Amino acid sequence: MAAHIVAVFALAWLHVWWVWLGSAVVLLSAGYYYARLTSPLVTAIEVTESGYQLLDRGVWRSVKLKSAFITAPLTVVWFKGEQGESYHLTLLVDSLGVDDCRHLRIHLRWRRDKP
């Protein structure tokens, strides 16, 4: 983020029309970078009897399963939080342990069609 600020001031020093365009691009890049930093960061999934919990930046959040797309190499899951936030997770086969991945995929296949 600091690099973006330095770049804007360095570009603003020059008074050429394309510099202002470059400054706008740098500012848009900074906004995108900031949005990515504040987006959910899920590091763990826990399946409980009452539903699912996601570890988002060190805080466990209770979520409900909205939909799941399951194939052999890829699993895409959409969870909805209690405050309305959405969590879209893309899980590759090697992003979990072998048994954990198999158990989660079987659980999601079995539960995704149930209300």
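You'll find the structure just up there.
Draft legend 1. Broad picture of the environment of Leu54. Assignment of secondary structure puts Leu54 in strand 2 (residues 51-56). Along the backbone, Leu54 and Val42 are twelve residues apart, and their C-alpha atoms lie at a distance of 6.3 Å. Those residues within four positions of Leu54 in sequence are excluded, and the remaining contacts are Val42, Ala44, Ile45, Val59, Trp60, Arg61, Val63, Phe79, Tyr87 and Leu89.

Draft legend 2. Representation of the packing of aromatic side chains. Evaluation of the coordinates by the stated rule reveals one aromatic pair. Judged by centre distance (5.2 Å) and plane angle (55°), the rings of Tyr52 and Phe79 are tilted. With Tyr52 in strand 2 and Phe79 in strand 4 (residues 74-81), the pair connects residues that are 27 residues apart, well separated along the chain.

Draft legend 3. Structural detail: the sheet that holds strand 5 (residues 86-92). Spatial strand order, 1-2-3-4-5: five strands in an open sheet with antiparallel pairing. The outermost strands of the open sheet, each flanked by one partner alone, are strand 1 (42-48) and strand 5. The sheet shows a mean angle of 35° between the axes of neighbouring strands, taken without regard to direction. Relative to strand 2, strand 1 is paired through six bridges, and the arrangement is antiparallel. From the neighbouring strand, Val42 faces strand 2, where its bridge partner is Asp56.

Draft legend 4. Structural detail: unusual backbone geometry. Even without glycine at this site, Arg57 takes up a positive phi of about 50°. Owing to a relative accessible area of 45%, Arg57 belongs among the partly exposed residues under this scheme.

Draft legend 5. Looking closely at the side chain of Thr75. Its place among the elements puts Thr75 in strand 4. Residue classification places Thr75 among the buried residues on the basis of a relative accessible area of 3%. Leaving out residues up to four positions away in the same chain, Thr75 has contacts with Phe69, Ile70, Leu89, Thr90, Leu91, Arg105 and Leu108.

Rules and cut-offs
- All residue numbers here refer to positions counted from 1 along the written sequence of the relevant chain.
- Local features in this predicted model are restricted to residues whose pLDDT is 70 or higher, and side-chain atom pairs enter the listing and the counts only when it is 80 or higher, whereas totals over whole chains, interfaces and linings include all residues.
- As a rule here, side-chain values come from all non-hydrogen atoms in the structure, and water together with hydrogens is ignored.
- For the purposes of this entry, the term helix denotes a DSSP run of H or I that reaches at least four residues, the term strand denotes a run of E that reaches at least two, and both are numbered from the N terminus.
- Every residue pair with non-hydrogen atoms within 4.5 Å of one another is taken to be in contact.
- Between the rings of Phe, Tyr and Trp (Trp by its six-membered ring), a pair exists once the centres lie within 6.5 Å; its type follows the angle of the planes, with under 30 degrees stacked, over 60 edge-to-face, and the other angles tilted.
- Only strands joined by at least two bridges in the DSSP assignment are considered to pair.
- All axes here are fitted lines through C-alpha atoms, helices being fitted over the stretch that makes contact, and every angle between N-to-C directions spans 0 to 180 degrees.
- Categorising residues by exposure relies on relative accessible area from a 1.4 Å probe, with only protein chains included: less than 20% of the type maximum marks a residue as buried, more than 50% marks it as exposed, and the intermediate range marks it as partly exposed.

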